[in-house]
Amino acid sequence: MPHEAHPDTTVFKVRGLSKIYGTGHAAVHALDGVDLDLNSHELVVLLGASGSGKSTLLNLLGGLDTPTAGEMIFRGWNLAGADESALTRYRRDVVGFVFQFYNLIPSLTARENVGLITEIARDPMDPAEALALVGLQDRMDHFPAQLSGGEQQRVAIARAIAKCPEVLLCDEPTGALDLRTGLTVLEVLQRINRELGTLTAVITHNAVIADMADRVLTLSDGRIQSQTTNASRRPVGELIW
Amino acid sequence: MTLLDRKLLRDLRSLKSQIIAVSLVMACGLAMMIMTRSLIRSLETERARYYASQHFGDLFASLKRAPDSLADRIRAVPGVGAVETSIRMLVTLDIPGLAEPATGQINSLPDRRTPELNRPLLRAGRLLAPAARDEILVSEAFADAHHLLPGDTVAALLNGRKLDLRVVGIVLSPEFVFEAPPGSALPDNKTFGVFWMSAEALGQAFSLDGAFNTVSLTLSPGAASGPVIAAIDRLLTPYGGRGVYERADHPSNVRVDDEIRVLKGLSFGFPLVFLSVAAFMTNAVIGRQIALQREQIAILKAFGFPSSAIGMHFVKFACVIVLLGTLLGVTGGVLLGHKLVIMYHLFFRFPSLDFILARGALLAAVLASSVAALIGVLGAVRRVLRLAPADAMRPEPPANFRPALAERLGLARVFSVSLRMALRNLERKPWQAILTCVALALATGILVIPNSFRDGINHVLDFQWDVLQRQTVTVSLQEPGSPRALADFRALPGVVLAEPFRNVAVELINGTRSRRLGIRGLTADGTLQRVIDANQRQIPLPTNGLVLSRALADGLGLKIGDPLQVHALEGRRIKTTLVVAGLADDFAGVAAYMELDALNRLMREGDRISGASMTVSSGKWPEFLKAIKATPATAGVGIKASARASFRDTTAQSIGLIQTIYLVFATTVAFGIVYNSARISLSERTRELATLRVLGFSRRDVGAVLVSELVILAAVALPLGLLLGSALAAAILTTVNTETVRLPLVLTLSNYAFAVLVVTVATTVSAILACRKLNELDLVAVLKARD
């Protein structure tokens, strides 16, 4: 598996990364010269107000968008210059995504939603195994409409990890969930990071979540305002709301 | 302009290609409706005007020969209005520039007065001078085919004497709107023409002065035709009358009626189907628009816009489709109508057959398209009206799915995940799937129809000319001749084989059913003109008994072994009873066949022949033609090759145009329905497809997921379409088949392959166009949005 091949090494080396939307007077500097290193096994939380640039950073890391300037080196490969099909390959082989609104395919069961990924990935997990990892071994043949929000998000996580990605990117994974369900989802993410060693980046509005991370990045106006390294990660169960 | 209207304009702009697709399908239906209704109107109006202005008769009869004085007795029959008698003869013509002899039907015109009925209409030159022996009028169709002008001469054999006749005028006649050789299904203006000549001159040439052999008459106002027909039949029988028939059975008029009947069928069925498809497409487009604008609608409602105003907003959407569809449909209908009117000039000779736009059809078109669009939009708008603002603010709950039927039956393992998605989507919206499938089947079906007619016609032609009539040429005599005439034919240059035939006009009677036609006497095992059964085997003619066309036997209610009464309508008017000895399977006309010697024994006139079928060696063909043109006593010469060529030309032109129209319509429907389905599917599943892209599916993979539903539908629709097309072709054939031509249903692999190919190409191209929208998918935006 990829994470075993590169133990505790730098996965991303980001230098002078900028993203500008629009031109002229309407130009918006969503990211403004970000420098950053991300390592395998790390759980990083990105904090910041709306419009601070955290989603833009995540999208660039995930190969959903290309930067206006700067370098974004993934294991020696500069993604900033990659074309559309290379980015598609990158997303398929390297990245697992978890979104705020789950984005499951409504016409597929939980098992099939996960199986979808294993159809295109190189060395995937068995869908049942991935679903067991998120605690849904009993709900595998349910359609999304038959699952609760938290369950749907856990299916989404199972889908993201089933291909054993090197990078797991989560954009507000608990944003649409109530507190208790949100905690369950975070526990799953923490466990996956711990057990599989996947570099995990989680965007959140909720500063409390920061305590579960190895490192907390705070963004503001497209720049990294501060970086804090937690001496020890707090288990999700001990987070104080 | 209200703000809602401004929103409407912007929505329309963003949906323009889908709106065009719906409007085009609607336009096809409307174009067909306007074209057919207008053509019916054009034909009926012009026919009525023409018949009235040229005093076309109500009843018609031909007979052997009767003195002119009989006309007064006919006039005296109660219920009879005007009466006009004339002489009508078939002659052989030698036309400059035409190697083979042509056949002319010469009709007499009274010398010192205008005919009371069936007046020719002068198109060029002048009418005949009284008693002019060498002057003729020529039908325009024949004149056009040979570029004949007033002043040109035509050589004709009149009762054995060769005469040079001078064309003084070019005319049209209400009796020959459809000008074809007697019994022929299509015109052959190269080798058959109609002429008019002074009654005195024609009468003298055929020793018929003071006599006539055809009569036509009108009924006085309010008179019923039945008793008049019976009375005149009684008067004509002693003079060899072959039965009075009405205008509805007049061969030329029947062909116009047939065409109008076909048009009427098309004017209803075709638009109905196309407009139904358009209604469904409208519903799909607007329904999707409403689903997408759920939140906007909620906000408008929350701000206090009345539901009616919002409902109206979407109705206006439909109105734009109606407007565009009507505009395109009317333009298309008028253009096609003009093209078809020109095609009609090939078949129907009217003084001025112009395209008349049926205004009623215009109104009906607007109404029909409005109804179709309203039906389409109504269900969708009802959803808007019901939507409570608070509900609408919330996203729609995730759609409910379940395993597809095929999976529940245990086939799940066989299917890939994307195939499962497609099957479940289809099953969740069965009506959408069924209607898309039906529309695609329709597109396939309407391609099969014209080609099956083309193949049917070719089959008939090949059967008629390769199996039934294997002679090069058929020559008929003015009057039945002796076996010497056959010897004379055999002596003509190049004749390899000559087989005699005899025609006798008879009435066949079975109980209350009867039929007048000619019995054709042939040699028992003839090799040229043959009688063929259903298995394409020759039926040897028995020495007693008759072989009937299957259609004739059906009409008379007869089967093999049944007796029937035969009354000869010429000669000694022998009456006898014969047995049905066999049934012949033929496609053109109906016929009764007898062994030649048996027929001659029956007629008690000794050995007589009406003509001969011959094969002529190609090396001697010019000499043969030269000789036959100079042979006296020939009434007509039928040359197979030229009849065949003319038939092919005419059908090629008409079928070609109709094929083009059907092709355009089918392509439009296939293209429109697939494009629309793909776009709606794309819109409904934007989020799903974007998710797949984010997860690492390539554009091609995602495109495949998008079109796999359409591929499934097309795979079901194509065979259904072929079945539908075959059934429609069969149904149309049963309505258009007449005694003159019975087209068999011929369905070839190449016909099917063509239909499948066209629909597949249209489907693929439109799917590719719709898939190009995938490139515009904004992955980030889609993922951030709620559904």
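Calculation rules
- Residues numbered from 1 in each chain as written.
- Chains lettered and ligands numbered in written order.
- Predicted model: local features only at pLDDT ≥ 70, side-chain atom pairs only at ≥ 80, totals over all residues.
- Helix = DSSP H or I, 4+ residues; strand = E, 2+ residues; numbered from the N terminus.
- Rg over C-alpha atoms; globule rule 2.2 N^0.38 Å.
- Buried ≥ 20, exposed ≤ 12 C-beta atoms within 10 Å, placed from the backbone.
- Contact = placed C-beta atoms within 7 Å.
- Core = buried A, V, L, I, M, F, W, Y, C linked by C-beta atoms within 7 Å.
- Pairing = 2+ DSSP bridges.
- Axes fitted to C-alpha atoms, helices over the stretch in contact; angles between N-to-C directions.
- pLDDT = per-residue confidence, 0-100.
- Left-handed = near helix turned anticlockwise from the far one by under 90°.
- Nonpolar A, V, L, I, M, F, W, Y, C, P; charged D, E, K, R; others polar.
- Parallel < 35°, antiparallel > 145°, perpendicular 65-115°, else oblique.

## Concerning the overall build of chain A
Across its full length, chain A carries 7 helices and 10 strands. The C-alpha radius of gyration of chain A comes to 17 Å, within 12% of the 18 Å expected for a compact globule of 241 residues. C-alpha extents for chain A along the principal axes are approximately 50 × 40 × 40 Å. Here chain A, with 241 residues, has 49% of them falling under the buried criterion.

## Some details on the overall build of chain B
Counting its regular elements, chain B contains 23 helices and 20 strands. When the backbone C-alpha atoms are referred to their principal axes, chain B occupies close to 100 × 55 × 50 Å. For chain B, with 787 residues in total, the buried portion stands at 46%. A fraction of 84% describes how many contacts in chain B between residues 6 or more apart in sequence connect residues 24 or more apart.

## Focus on the nonpolar core
Formed by 247 residues in total, the largest nonpolar core has its most connected members in A:Ala158, B:Val25, B:Val277, B:Leu440 and B:Val669. For this core, the leading source of residues is helix α2 (residues 16-53) of chain B, giving 18 residues. Residues contacting B:Val669, with those up to four places away along its chain left out, are B:Val25, B:Cys28, B:Val277, B:Ala439, B:Leu442 and B:Ala443.

## Things to note about unusual backbone geometry
Residue and element names in this part refer to chain B. In this structure, His147 is a non-glycine residue whose phi angle is positive, near 50°. Here His147 shows up in the loop between α4 (140-146) and β7 (153-158). A positive phi angle is found at Gln536, which is not glycine, with a value near 60°. Counting through the fold element by element, Gln536 comes out in the loop between β14 (513-522) and β15 (546-549).

## Observations concerning the sheet that holds strand β9 (residues 215-220) of chain A
Residue and element names in this part refer to chain A. Within the open sheet, the 6 strands sit side by side as β6-β7-β8-β3-β9-β10. Their pairing is mixed. The outermost strands of the open sheet, each flanked by one partner alone, are β6 (95-98) and β10 (223-229). Strand-to-strand twist across the sheet, computed as the mean angle between neighbouring axes with direction ignored, equals 20°. Examined bridge by bridge, strand β3 (residues 43-48) and strand β8 (residues 199-203) share 4 bridges and lie parallel to one another. Within the sheet, the bridge partner assigned to Leu46 lies in β8 and is Ile203.

## Comments concerning the pairing of strand β6 (residues 135-139) of chain B
Along any regular strand the residues' side chains alternate between the sheet's two faces. All names here are of chain B. Counted residue by residue, β6 has 5 buried out of 5 residues, so it is predominantly covered. Where β6 lies against strand β8 (residues 161-172), 5 bridges are found, and the strand directions are parallel. Bridge pairing links Ser139 to Val171 in β8. Alignment of β6 against strand β9 (residues 192-198), held across 3 bridges, turns out to be antiparallel.

## A closer look at the interface of chain B and chain A
The partner chain A presents 24 residues to the 21 residues of chain B that form the contact. Put simply, the parts of the chain that give the side of chain B that touches chain A at least two residues each are α13 (417-428), α20 (686-694) and α23 (779-784) of chain B. The leading source of residues in the side of chain B that touches chain A is α13(B), at 5 residues.

## Describing the sheet that holds strand β2 (residues 28-39) of chain A
All names here are of chain A. Pairing is antiparallel in the open sheet, where 4 strands are placed in the order β2-β1-β4-β5. Here the strands that pair on one side only, and so sit at the sheet edges, are β2 and β5 (77-78). In this structure, strand β1 (residues 10-21) lies alongside β2, joined through 9 bridges in antiparallel fashion. The partner of Tyr21 across the bridge, within β2, is Val28.

## Side note on the environment of B:Thr92
Residues and elements named next belong to chain B. Along the chain, Thr92 falls in strand β3 (residues 88-94). Since 26 C-beta atoms lie within 10 Å of it, Thr92 is described here as buried. As a C-alpha pair, Thr92 and Ser476 span 384 residues in sequence and 9.6 Å in three-dimensional space.

## Thoughts on the confidence of the model for chain A
Residue and element names in this part refer to chain A. Per-residue pLDDT for chain A averages 87, and the proportion of residues at 70 or more is 96%. The least confident element of chain A, judged by mean pLDDT, is helix α1 (residues 2-5) at 41; the most confident is strand β4 (residues 69-74) at 94. Below pLDDT 50 for its whole length, residues 1-6 participates in 9 contacts with residues either more than four positions away or in separate chains.

## Side note on the packing of helix α7 (residues 251-292) of chain B against helix α9 (residues 307-347) of chain B
All names here are of chain B. The contact between α7 and α9 brings their axes to 11 Å, and the two run at 145°. Classified by chirality, the crossing of α9 by α7 is right-handed. Contacts from Ala278, Thr282, Ile286 and Ile290 in α7 reach Phe314, Phe317, Ala318, Ile321 and Gly325 in α9. For the contact of α7 with α9, a count of residues per class yields 7 nonpolar, 2 polar and no charged.

## Some details on the environment of B:Thr103
All names here are of chain B. With respect to the helices and strands, the residue Thr103 is situated in strand β4 (residues 102-109). Exposure remark for Thr103: the 21 C-beta atoms within 10 Å place this residue in the buried category. Considered as a pair, Thr103 and Val194 are 91 residues apart in the sequence and their alpha carbons are 8.7 Å apart. Look past the residues within four positions of Thr103 in its chain and what remains in contact with it is Leu90, Thr92, Leu93, Pro181, Thr191, Phe192, Gly636 and Val637.

## With respect to the environment of A:Asn193
Residue and element names in this part refer to chain A. Here Asn193 shows up in helix α7 (residues 179-196). A sequence separation of 25 residues divides Asn193 from Leu168, and the C-alpha atoms of the two residues are 8.7 Å apart. Apart from the residues lying within four places of it in its own chain, the contact partners of Asn193 are Leu43, Thr198 and Thr200.

## A few points about the confidence of the model for chain B
Interpretation of the predicted coordinates at a detailed level should be avoided for regions scoring low in pLDDT. The predicted model of chain B averages 86 in pLDDT, with 97% of residues at 70 or higher. Both scores are available for the predicted complex, with the pTM at 0.76 and the ipTM at 0.84.

## Concerning the packing of helix α6 (residues 149-161) of chain A against α7(A)
Residues and elements named next belong to chain A. Where α6 contacts α7, the axes come no closer than 9 Å and their chain directions differ by 15°. In terms of axis orientation, α6 runs roughly parallel to α7. In this structure, α6 crosses over α7, and the sense of that crossing is right-handed. From α6, Gly149, Gly150, Gln153, Arg154, Ile157 and Ile161 reach across to α7, where they touch Thr181, Thr184, Val185, Val188, Leu189, Ile192 and Leu196. Per-class residue counts for the contact of α6 with α7 are 7 nonpolar, 5 polar and 1 charged.

## Side note on the pairing of β9(A)
All names here are of chain A. Pairing of β3 with β9, which is carried by 5 bridges, proceeds in the parallel orientation. The partner of Val44 across the bridge, within β9, is Arg215. As judged from the 6 bridges shared by β9 and β10, these two strands associate in the antiparallel manner. Residue pairing for β10: Leu219 is matched across the bridge by Ile224. Connecting β9 to the antiparallel partner β10 that follows it, the hairpin turn spans 2 residues, and Asp221 within it adopts a positive phi of roughly 50°.

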